[in-house]
Each structure stands twice: as structure tokens, then as C-alpha cells.
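Per-entry structural report
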Amino acid sequence: MPDAPATRLAAALADRYRIDRELGAGGMATVYLAHDLKHDRRVAIKVLKPELAAVLGAERFVVEIRTTASLQHPHILPLFDSGTADGFLYYVMPYIEGETIRDKLNRETQFGIDEAVRIAREVADALDYAHRHGVIHRDIKPENILLHDGRAMVMDFGIALAVSAAAGGRMTETGLSLGTPHYMSPEQATAEKDLTPRSDVYSLASVLFEMLAGEPPHTAGSAQAVIMKIVTDTARPVNELRRNVPPNVAAAVAQGLEKLPADRFPSARAFAEALGDRGFDAATRTAGATRSSAERRRGLVAVAVTLMAFAAAGGWLVGRRGSSAPAAPASSLSVVLPDSTPLDPAFNNAEGQPTFAVGPDGTVAYVARRGATNQLFIRALGSFAARAIEGSAGAHQPFFSADGRAVAFFVGSTLMRADVADGRVSQIADGAFEAWGGDWAADGRIVVSLHRATALVVYGPAGDSVASMACGTVCGLPAFLPDGKRVLVSAVGATLGVADLEQRTVTPLRRFGAATEDPARGSMPRYDGDGHLVWVSPLGEVMAAPFDPEAAAFTGPPTTIAQGARVESGRGGAQLAVSSGGVVAYAPGPVGSIGILVRADRTGRLDTIPTPAANFTRLDLTPDGTRILAEIAEPGGARSLGVIDVVTGQWTPWIVPKSRLSEPLWDPDGIHVWYRIDQMAYRGNPAVTAAPDSFPLAPGDGFQILGDGARYRFMRNDSTLVARLDGTGAPVAVPTHLASRGPVSGDGQWIVQEEQLGRQSGIVARALDGSGRFLIVSNRADFAMSATTPDGAEFYVAANDRERNNPGAPEGLQSFWSIAYSPGAANPFGQPTLLFRAPVADFPGRNYGVGLKGQRFVFKQRIAQPPLREIRLIQGWHAALATPGAANAR
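Please read these numbers as outputs of a predicted model, since none were measured by experiment.

Here the focus is the pattern of salt bridges. The tally for this structure, following the rule as stated, stands at 28 salt bridges. Linking Glu240 and Arg236 is a salt bridge whose minimum nitrogen-to-oxygen distance equals 3.7 Å. We classify Arg236 as partly exposed; its relative accessible area is 49%. Residues joined by salt bridges that share partners form a network here, namely Glu99, Arg107 and Glu108.

Moving on to the packing of aromatic side chains. According to the stated counting rule, one finds 18 aromatic pairs in the structure shown. Positioned over the ring face of Phe80 is Arg41, at 3.8 Å from the centre of the ring. Here Arg766 stacks its cationic end above the ring of Phe774, 4.4 Å away from the centre of that ring.

On to the nonpolar core. In this structure, Ile101, Phe157, Leu208 and Phe271 are the most contacted members of the largest nonpolar core, which totals 57 residues. For this core, the secondary structure elements donating two or more residues are helix 4 (101–108), helix 5 (113–132), strand 7 (145–148), strand 8 (151–154), helix 9 (197–213), helix 10 (223–232), helix 12 (247–256) and helix 13 (268–276). Per element, the largest residue contribution to this core is eleven residues, and it comes from helix 5. Formed by 18 residues, the second largest nonpolar core is a distinct cluster that contains Trp436, Val536, Val542 and Val578.

Strand order in the open sheet formed by four strands is 10-11-12-13, and the pairing between neighbours is antiparallel. The open sheet has two free edges, formed respectively by strand 10 (356–358) and strand 13 (387–388), since each of these has just one partner strand. With seven bridges joining them, strand 11 (residues 364–370) and strand 12 (residues 373–379) adopt antiparallel strand pairing. Of the residues in strand 12, the one forming a bridge with Arg369 is Asn374.

Every buried residue of helix 4 is accounted for by Ile101, Arg102, Lys104 and Leu105. Buried residues of helix 4 fall within an arc of 165 degrees about the axis and therefore sit on the same side. On its buried side, helix 4 packs onto strand 6 (99–100), helix 5, strand 7 and helix 9. Phi for Thr109, located one or two positions after helix 4, is positive at around 75 degrees.

With that settled, consider unusual backbone geometry. Residues other than glycine seldom take positive phi values, yet Arg138 does so here, at roughly 80 degrees. Mapped onto the elements, Arg138 comes out in the loop between helix 5 and strand 7. Of the residues examined, Arg138 reaches a relative accessible area of 14% and is grouped as buried. Look at Arg504: it is not a glycine, yet its phi comes out positive at around 60 degrees.

Once that is clear, we can look at the packing of helix 4 against helix 9. One way to put it is that helix 4 packs onto helix 9 with a least axis distance of 10 Å and a crossing angle of 25 degrees. For the element pair helix 4 / helix 9, the angle class is roughly parallel. Helix 4 and helix 9 meet at a crossing whose hand is left-handed. Residues Ile101, Arg102 and Leu105 of helix 4 touch helix 9, and the partners they reach there are Val207, Glu210 and Met211. Here the residues of the contact of helix 4 with helix 9 sort into four nonpolar, no polar and two charged.

The rules behind these values
Residues numbered from 1 in each chain as written. Predicted model: local features only at pLDDT ≥ 70, side-chain atom pairs only at ≥ 80, totals over all residues. Heavy atoms only, no water. Salt bridge = Lys/Arg side-chain N within 4 Å of Asp/Glu carboxyl O. Buried < 20%, exposed > 50% of the residue type's maximum accessible area, 1.4 Å probe, protein only. Phe/Tyr/Trp six-rings, centres within 6.5 Å; stacked < 30°, edge-to-face > 60°. Lys NZ or Arg CZ within 6 Å of the ring centre and 35° of its normal. Core = buried A, V, L, I, M, F, W, Y, C linked by side-chain atoms within 4.5 Å. Helix = DSSP H or I, 4+ residues; strand = E, 2+ residues; numbered from the N terminus. Pairing = 2+ DSSP bridges. Arc of directions from axis to C-beta. Contact = heavy atoms within 4.5 Å. Axes fitted to C-alpha atoms, helices over the stretch in contact; angles between N-to-C directions. Parallel < 35°, antiparallel > 145°, perpendicular 65-115°, else oblique. Left-handed = near helix turned anticlockwise from the far one by under 90°. Nonpolar A, V, L, I, M, F, W, Y, C, P; charged D, E, K, R; others polar.

Have a look at this one:
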């Protein structure tokens, strides 16, 4: 045993075990073959990695692991012993002669079908036993299933639970990532706090899939790419990869791999029974489960029948609820889009574009693929099938006329219409621009938002352009109010507003009972025609509130009527439709701003940081590249601030007054953090509880602390000034239109930022000596987000290289460039040099960090949105608005 840790371990355990040799090592532990001196038997000792042991702590780990030691089952490898020795955390299991499923897969690629099913049922039996005793495995994978004389033995049972609990019970607080990417359930991959037994069912279904097909359900070139596929993609039916797999086995595997836990088997025992039941198929799945891809292809008729039965029983989708009728409870129904027409990724709402609409009678129009392009489909209430509209190739962004007799949609920039009755297609207008949503008024006028939500265009019934108005970036996803003169709009920054087409003004909607400056946040606001506004919050909540359309104001607090609506990356648009018949339709899915953290070296080689996915809104890296200062958006608009270890992913929260805190960033010493609250700057240490140092700022506004930790800039009387935080010296005027931020050179001579250069932007360096000198570093219009190393020897800029011609990519690309800096030279700035390109999420605030003198970068990578497969319809939701304790306005 030449290595020092093994020698230390052998000495620490010498009175109980004799260490013979190392058997192998994994992500959490190293395994040694040893001899149990007391019982004269061979054992396997697993020793947790030192960095993991340091996070957990010995006492809590030993206490928690005892709860798993009592599991006694024929298919569970027992736990003999556990403890701590010389700083090592370890546990002891019997040493079993045999091989793991992984060993056999490496040798033979696939199992025999009967053998694979038998092994899966044995593992399911062990899981069911453990689940009934309150233990979830959390790391079912081929490496953790031992084959002893052909019989399955599950290893490490409850170890992941013990590690999680010892770390505090909440993985979001420790940053530990447990589980192997290829076998993680979607909820585990997205770091949900409370896993259920159905998570283990998903992992076991993944293992069975690999035993049958020779590969896991989802494969990719990196761990983060696998996680994205788990969250977004539907696995191919296993009998497509191996046609001799019995139908019941294929159907059971498909249900075990459902994205939503509620759509899987309720227990591991139910999964095992389905595997052994030759009569089990998609039609006999657990009642209430969303249909799998195998069933969806032949279940369209069943969905239509359900819709008809629902309508007959409750009278819903046919007219608004009468004011004197008793309030019926809210009810929800899923309309599953057939797999034969999956949504084309080119219009998978990658830019927040609507992909479906609901008419006043409940008819659904949606965009899906047909052949090589998208096409418009209409599915009338009571119909047994969706109807493809001929002549609608390339369709996107549908919306109904007020009477429901026609559907408008776009083909490129051309505005088209399709008659619902006969499917006849005709052109309304050629706008010669890219749209972002539209609506059709009762008088036949159509309002359309321009691509960047910078203007509204109104077409008359004949297609002639009758009006247009500029409105900044707050005119997206428009919807007429009843008077036809005003339009509900969404801002790119996820705020709600009302555009007055006659006055040519845009007024933000304010939260109910809130201060004047407090806007309502969300997207896709829609008026239901009965005194209520419905929209989607930035966190995927479908909200509804009493609303006065004349005053364009809320008259009561909002209530959450559904959760889990998808919110897209980019502009933050949502998928929502509200019919005048009182039906709310939304697309379920993840919030597009959720993402994982990745790091890259100077060549662009990526590696996932093992911290849970979150809505990161600001990132900054310490100069030594070891810790990330991260700001995370939480429900209700709050934000968490903390420090993340780049290697372990451990999250350490920092308790600061987060409600008004802005622009946190590391001091060049890598120990302290600067932040601002109102007109005070603070410098604190996240590792200690001492009060931070405070620095009063000069009168003005638009304050920003500069990255050198010595200065800040601000606005006063329309002039931009730079001042020292310690108050020494007079503020220096910098005569320019400054960007929102910019680093300072290491010698303190220049500030470098994005500026407006004529009609385009570029990177400009401004002297900080009061001379007014400036240098154009680069006139590339797409350069932005500059940063630098603490010594100022190199600056960095990023360019948004989103590949709009490759819409299937989950993210666009951003390129990272370096600019050398040579102090004292006449022009100290070199030419930009490309370092690498990476799929980086572009979000407000500092969205990447640089450390190790430009050798390490960190940034957020969004989890890709899944294709639109389902539309959920809600009726009877008005009753929820009268429920006491309605949600606070968002």
C-alpha cells in the first residue's frame, strides 16, 4: 500500500481490520479488501473521500448510517460496521465473490431478456422493502448491483441518504451532488429537495433499459448534457432498440421512465408486477398517469373521448360561468399532443413565441411538425383527431379571432389566417418583420409585437397597417383589453404593462396594494372577459387576480391557480392562453432560467460544478479561482447570496439584507465581498459574522462599485463621475455614455466598458486621470460584459454567438476573447484574441467569472426546455380567487 492515505487507514484500523489491497475507487469513496480480525472473514471497506468527509463531519454521519444498518433483505448487501478513524469516515460490508451489472455489461454489452427482467424484479423487491422502511437508495446504477451466483444484491443501500442527511438534510445547502447522471431521475437531476420512492423506480428502469438495449436511456458527451437530456428528452421505446423485448416489459420501462414522478409506478412492487404481467401494456397503466410516448401514439382517441365526457359532466369549455351559479372546484385536464407530430425545435418557443391558442369554445390550435416543417393543427372540442391545416407549412405563433371562427398565424414574417370550419388559408399582411405574439380584436383589427418588443403594429380587418407605436422593450405578447384601445403587454424583463394605442404610451401594471414603483412581474397577461387578469409569474406560477379593465388596475390580490408552467429562456415568455369561455390553458415544464454551473479552462474544456441547478442571476469568481459568489433568485422575488466551492459544489449561504442589496462582487483579496444598499457601500467577509465595513457614497444615483475594490461610479446632474470609496480625492468626471459596468486596469489608469459608438456599440477604455483621454479597444458591436484579472494584465469580453440557424441547440454560444494589457505603452490594449466558445446563459448582471489569472472561467448553462408535448386546461378556477390567504401580488 504505497499511498499515504491507505497507510494511515491501515494503521488506524489495525486493531480490527487488516487492509489487504485497494479494490477500486469511485466519486464518493475508495474500496479496500480487508480481513475482519474478530470474525475471521473477508470484508470490503468503503472509505469516503477526504473532501467529502470534511464537509459531512464524523458524528452526524455515524448517527445517520445506523438507520440503514437494520435493513435485512435477501437482495440487500448488509452493512457490518461503520465509524471514523484518524479522520476517515468508513463503512464495512461483506466481500462477495461476483461481478456487478456494470462488469457484465462491459463484457457482454446486453443481458438476456429473461435474465434482465428477473434481476430488475429482484432489485425492485429490495427497493420496495427499503421504501416501506423509510429508506430511499438515491444511487441505483449498474455499479451498485452485485451479481452473486446470478442473484442480485443491492450495495450501498441508504449510503446516499446517510451522506445527504449528514450534510444537513438539504443538498441545496451543501452543494453535494449524489447520484450518477445517466440514472438520475429528472427530479434528482434538477436537485429537488424531497425525493420519493418513485425516484428509485426511475433509476431502476434506467438500469433495466441498459441491460436490454446495451446503453442507458439518455447518452451524451458530458455529464451536463446527459442531465439536460434527462430533463428534456423522451427516451426511445426499448423495443425499438431490441425488438424481441415483450410489450409488457417495454410498457413497464416506459412508465418507469416518465418525467413526472406521479406518472410512474406508485411503488417498486408495482413496477415488478408489471414486468411479470404479460397482460400489462400502456392501456392498463396506473389510473391518472400521463400517457407515455408508447401510449400517446395510439391514445389520441381516448383523450378526445375524455374531453367529451368531461364536457358532458361539467358543462365546461362551453360559455362563461354564470354570476349566480355556485362556484365549481377548479379542474384540470391534459391534452397530450401525439408523438407523430412533435414540435419542431425551430419554433419550440426558444424565444418565448406562443405555440398554441385556445378559442372561446375550447378548440385548440397548435403548431407541430409534419414532414420536414411545422404546420398548424386544429383540434375542435368533441373531435376524435387533430386536423392538419393544408397550406400552413412553416406556421408559428397562432392566435384565435374573437369569435373563434379563424386562427391567425405567421409564416416567416407573413401574417396568415385559417378558417376553422373549412381550413381555407389566406394571407392577411406581410409585415416584413419578425413578430413576438399577436391578438385579434372583436372589430377585426390585429395587433402584433415586433421581434424585440420595441413596437406594436395594428392591422385593420383588410390587412392594411393602420397604426404603429414605439414602446421600448415592453410590448411583447400583446392582448387586447375590451375597449380595443388598450393592449396588455409583457416586457422582456418579465414585467406587465398596458399600452394605450391612442395615447401611444405604455404604463406598467402595479402590484395590488404595492408602492407606485413596485411593478407586477410576469409574462403573457390575458384578460378573461369576466373581471380577471391571468398571467404567468417568472417562477412558472399561473396567477389570476380581480382586474378592472377600465382603470387597468388590480382590484384584489392574486391567487396561484396552477404551478409548473414553463417559462422560456431568452425573453422569459410563457405558454398561456385564456379563452373568453373561461378556460385557461398553459404548457407545463421547467422554468427556463434554471441552470447548472460549469467551469472552463482557457481552451474551453467544460466541467460541471456539482451544485444543484438554480436560477443564478449573478456570478463572480475569486482571483484564485476556487470560490464563486452567487446570487440566486427565489420565489416571491427574494434573492439568496452565498459562496460556492468550485470543486465540491458546496453552497455556503451568507446572511445579508438581501431585499435591497445590489451588485455583489469579490474584493481583489478574494476574502471580502463588496455590495451596496441604497447610498452605502459595504465590505464584508462571508466567512465571519462580524459587521461589515461601511462607506457612505456621494449624493447621486446609478451607483456601481468598480471591480478594483477602491472606487465607484455614479451619476450626478447627467454627468458620470468616478470617486474613491475611502472618500479621498475629488470625483473624476468621465465624459461618456457609460455602460452598466466595467473593470479597472490593475494600475488604476483605465476603466474599460461597452459604449455606444455612433449607431453601434464597442469596447472603449476611458482614462481615470481626469484628462478625458479614451481609446477604442474594439469596435465590434457584439462585444460586451468585460472583465479583468486582479493584476489587470488581461481583459476579457464575451460576444453573443447564438446560433439562430441551429435551433435544436439548447443554448446559443457565447465566445470569450482576451485583450492583453501593457501598462505604459501608448496604446496599452492589444487586439482581441478568441479563447473559446461555450453555451453560456445570458442573464442580467455579471454572468461569468474569471480566476487563476485567466486560466479558469465559470458561467451558468441553462437546462434546455423539453419539446412541447402537453397542454393543460383549467376551468372552475374563479372559485379559488375567493379563498382566504390569497398569494401576495407578484
